[in-house]
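Residue-level listing of the chains:
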Amino acid sequence: MSYGLTLLIVAFGGAVGAITRFQITNWFNGWFGNSFPYATLTVNVVGCFIMGLLVAALNTGTLISPHWRPLIAVGFLGALTTFSTFSFDTLALFTQGFWLRAAMNVILNLVLCMIAVAAGYALLSRGSMPG
């Protein structure tokens, strides 16, 4: 695959990921308000689960070709899960005096996202983690 085509694939995946993130944020803010960054937590956990699935699928070679990596991992997941948004949300909670919410956001994102990656990987690889 040419470099130019790969860039277009990444851009397309990024556009879809950004639109998905925007829509999820709108839905969650409508449902739950914005007192806690539920949308950021959700996209991070779901994105980590998808990353686990993708890595397992690529490592086992059972479901997809490595050519899908730029579309899914770099483009879509890169735009969908944004650690910078997580960091900003946490800092905003902290500076507004919501220390417990800020700490809960850090703990939930780290723990749930690691579990999601492991679950996604385990679901498809049926084996031990890579490394």
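Residues numbered from 1 in each chain as written. Predicted model: local features only at pLDDT ≥ 70, side-chain atom pairs only at ≥ 80, totals over all residues. Heavy atoms only, no water.

Colleague: Talk me through the overall build of the chain; I want residue IDs and the actual numbers.
Modeller: Assigned secondary structure in the chain consists of five helices and zero strands. Scanning the chain from its N terminus toward the C terminus, one meets helices and strands in the order α-α-α-α-α. Expressed as a percentage of its 131 residues, the buried residues of the chain come to 31%. Entry remark: accessible area of the chain is about 7900 Å², with carbon and sulfur atoms responsible for 74%. (Helix = DSSP H or I, 4+ residues; strand = E, 2+ residues; numbered from the N terminus. Buried < 20%, exposed > 50% of the residue type's maximum accessible area, 1.4 Å probe, protein only. Areas by Shrake-Rupley, 256 points an atom, 1.4 Å probe, with all protein chains shown as cover.)

Colleague: Residues and numbers for helix α3 (residues 69-80), please.
Modeller: Spacing of three or four residues puts side chains on the same side of an α-helix, whose turn is 3.6 residues. Turning to α3, its buried residues are Pro 70, Leu 71, Ala 73, Gly 75, Phe 76, Leu 77, Ala 79 and Leu 80. Buried residues along α3 sit in contact with α1 (3-32) and α2 (38-60). (Contact = heavy atoms within 4.5 Å.)

Colleague: Describe the side chain of Arg 21, listing the residues and the values that go with them.
Modeller: Mapped onto the elements of the fold, Arg 21 is located in helix α1. Although Arg 21 lies buried, it forms no salt bridge, and the closest oppositely charged side chain, Asp 89, sits 5.4 Å away as judged by the N-O distance. Here Leu 80 takes part through its backbone oxygen, which lies 3.2 Å from a polar atom of the side chain of Arg 21. Excluding its chain neighbours within four sequence positions, the residues that come into contact with Arg 21 are Thr 40, Val 43, Ala 79, Leu 80, Thr 82 and Thr 85. (Lys, Arg positive; Asp, Glu negative; His and termini not counted. Salt bridge = Lys/Arg side-chain N within 4 Å of Asp/Glu carboxyl O. Polar contact = N/O pair within 3.5 Å; in protein donor to acceptor, adjacent residues only side chain to side chain.)

Colleague: Explain the side chain of Asn 109 residue by residue, including any values.
Modeller: Turning to its location among the elements, Asn 109 is positioned in helix α5 (residues 99-125). According to the relative accessible area criterion, Asn 109 is buried, its value standing at 4%. Within the local environment of Asn 109, its side chain forms a polar contact with the side chain of Asn 105, the two groups lying 2.9 Å apart. When sequence neighbours within four positions are dropped, the list of residues in contact with Asn 109 reads Thr 40, Leu 41, Asn 44 and Phe 86.

Colleague: Give me the lowdown on the UniProt feature "transmembrane region" (unreviewed entry) in the chain, citing residues and values where you can.
Modeller: The UniProt record annotates "transmembrane region" (unreviewed entry) at residues 41-59, 71-94 and 106-124. Secondary structure over residues 71-94 splits into 92% helix and 0% strand, and the C-alpha atoms at its two ends are 35 Å apart. Annotation note: span residues 106-124, helix share 100%, strand share 0%, distance between end C-alpha atoms 28 Å. (UniProt positions renumbered as here; feature names shortened; annotations may be inferred.)

Colleague: Please give an account of a nonpolar patch on the surface that cites residues and values.
Modeller: Residues Ile 107, Leu 110, Val 111, Leu 112, Met 114 and Ile 115 make up a contiguous nonpolar surface patch of about 560 Å² in total accessible area. Summarising the element assignment, Ile 115 is placed in helix α5. (Patch = residues over 30% accessible without salt bridge, like charges linked within 9 Å, V, L, I, M, F, W, Y side chains within 5 Å.)

Colleague: Any details on the UniProt feature "binding site: Na(+)" (unreviewed entry) in the chain? Residues and values, ideally.
Modeller: Listed under "binding site: Na(+)" (unreviewed entry) in the UniProt record, and renumbered for this structure, are Gly 78 and Thr 81. Relative to the helices and strands, Gly 78 is located in helix α3. Topologically, Thr 81 is positioned in the loop between α3 and α4 (83-95). Residue Thr 81 is classed as partly exposed on the basis of its relative accessible area of 22%. In terms of polar contacts, Thr 81 uses its side chain to reach the backbone carbonyl oxygen of Leu 77, at 2.9 Å.

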